[in-house]
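Summary of structural features
Each chain, letter by letter, is given below.
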Amino acid sequence: MAAYPIAAAEAAGLRAILVAKPGTDLAELESAGTEVLREPERPQHPLVGVITALRTIDAPLVVCPCDLPLVPAGLLAHLAQLDRPALAAPTPAAAEPLLGRFEPAAVGPLEAGVARRAPAREIAAGLDPLYVEDAVLRTFGDVPTMLANVNTDEDLARLELLLASP
């Protein structure tokens, strides 16, 4: 499933990097040339991968979680062109805290939030991000479809139906 957001990042003209947990088998992607970073074993938190990438790259980056396989390249390119932290959601309550633009200056606040085990959405909101308006998101496609999160077998079945539709 990670191949889809990687392809979208590349189509957007972005450097595609996959951040994974130690021990994750990514031989197929690595042999295809995907750049892979490994996050530390501890602490475990959804934002540790973002911290790992920001520390390694030390430049603004666009983050797209691998469980959002239908995110369009245009949305990733839009996020990359912004000049501040941003989340691809019209409101904080709707925010997918791992789909957005992050700055190297966010490392400290991200680490502090992870240390206190705060929810990812709360930590991301603390970065005072721009929330991309629904009208802007719609210019890239159907919002529920492009933000379809795949975490369960049922989610995967829905994704397969979406991909099979003409």
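Please read all numbers here as calculations on a predicted model, not as lab measurements.

Cut-offs used in this document
Residues numbered from 1 in each chain as written. Predicted model: local features only at pLDDT ≥ 70, side-chain atom pairs only at ≥ 80, totals over all residues. Heavy atoms only, no water. Helix = DSSP H or I, 4+ residues; strand = E, 2+ residues; numbered from the N terminus. Rg over C-alpha atoms; globule rule 2.2 N^0.38 Å. Buried < 20%, exposed > 50% of the residue type's maximum accessible area, 1.4 Å probe, protein only. Contact = heavy atoms within 4.5 Å. Areas by Shrake-Rupley, 256 points an atom, 1.4 Å probe, with all protein chains shown as cover. Pairing = 2+ DSSP bridges. Axes fitted to C-alpha atoms, helices over the stretch in contact; angles between N-to-C directions. Polar contact = N/O pair within 3.5 Å; in protein donor to acceptor, adjacent residues only side chain to side chain. Patch = residues over 30% accessible without salt bridge, like charges linked within 9 Å, V, L, I, M, F, W, Y side chains within 5 Å. Salt bridge = Lys/Arg side-chain N within 4 Å of Asp/Glu carboxyl O. Core = buried A, V, L, I, M, F, W, Y, C linked by side-chain atoms within 4.5 Å. Arc of directions from axis to C-beta.

1. Examining the overall build of the protein chain
The helix and strand inventory of the protein chain stands at nine helices and six strands. The C-alpha radius of gyration computed for the protein chain amounts to 15 Å, which stays within 12% of the reference 15 Å derived for 166 residues, consistent with globular compactness. Along the longest, intermediate and shortest principal axes, the C-alpha atoms of the protein chain span 45 × 40 × 30 Å. For the protein chain, the residues scored as buried account for 42% of the 166 residues in total. A separation of at least 24 residues holds for 61% of the contacts in the protein chain among residues at least 6 apart in sequence. Roughly 8800 Å² of accessible area belongs to the protein chain as shown, and the carbon and sulfur atoms make up 55% of that amount.

2. Points about the sheet that holds strand 3 (residues 61-63)
With mixed pairing, the four strands of this open sheet are ordered in space as 3-5-4-6. Strand pairing shows two members of the sheet lacking a second neighbour, strand 3 and strand 6 (130-131), which therefore form its edges. Both strand 4 (residues 86-87) and strand 6 contribute to a ladder of two bridges, which runs parallel. Residue Leu87 lies in a different strand from strand 6, and its bridge partner there is Tyr131. Strands strand 3 and strand 5 (100-102) of the sheet are contacted by helix 3 (residues 48-57), whose axis makes an angle of about 160° with strand 3.

3. Quick notes on the pairing of strand 1 (residues 17-20)
Consecutive side chains along a regular strand alternate between the two faces of the sheet. Of the two faces of strand 1, only one is covered, namely that formed by Leu18 and Ala20; the face formed by Ile17 and Val19 stays uncovered. As paired strands, strand 1 and strand 2 (residues 35-38) are joined by four bridges and run parallel to one another. Its bridge partner lying in strand 2, Val19 is registered against Leu37.

4. Considering the side chain of Glu39
Following the sequence through the fold, Glu39 ends up in the loop between strand 2 and helix 3. Here Lys21 takes part through its side chain, which lies 3.1 Å from a polar atom of the side chain of Glu39. In this structure the side chain of Glu39 is engaged in a polar contact, spanning 3.3 Å, whose partner is the backbone nitrogen of Gly49.

5. Details of a nonpolar patch on the surface
Together, Met1, Tyr4, Leu156 and Leu163 make up an exposed nonpolar region whose accessible area comes to about 360 Å². Take Leu156: it is sitting in helix 9 (residues 153-164). Residue Leu156 is classed as partly exposed on the basis of its relative accessible area, which comes to 34%.

6. A few points about the nonpolar core
Within the largest apolar cluster, 26 residues are counted, with the highest numbers of intra-cluster contacts made by Val71, Leu75, Leu76, Leu79, Leu99 and Leu137. Top contributing element to this core by residue count: helix 4 (residues 73-81), with four residues. If sequence neighbours within four positions are ignored, Leu75 has contacts with Ala88, Leu99, Leu137, Phe140 and Met146. Ranked by size, the runner-up nonpolar core spans 24 residues in total, among them Ala53, Ala89, Ala106 and Tyr131.

7. Let's talk about helix 5 (residues 107-115)
Of the residues making up helix 5, those classed as buried are Val107, Leu110, Gly113 and Val114. Angularly, the buried residues of helix 5 cover 130° about the axis, an arc narrow enough to put them on a single face. Packed against the buried residues of helix 5 are helix 3, strand 5 and helix 6 (120-125). The first or second residue beyond helix 5 is Arg117, which carries a positive phi of 60°.

8. Brief notes about the pattern of salt bridges
When charged atoms on two side chains of opposite charge get close, those side chains can pair. Across all of its chains, the model carries nine salt bridges by this definition. Between Glu39 and Lys21 there is a salt bridge; the shortest N-O distance is 3.1 Å. Taken as a pair, Glu39 in the loop between strand 2 and helix 3 and Lys21 in the loop between strand 1 and helix 2 (27-31) lie far apart in primary sequence, 18 residues in all. Residue classification places Glu39 among the buried positions, given a relative accessible area of 7%. A residue is classified by how much of its surface remains accessible, and Lys21, at 44% relative accessible area, is partly exposed. A salt bridge links Asp134 to Arg138; the shortest N-O distance between them is 2.4 Å.

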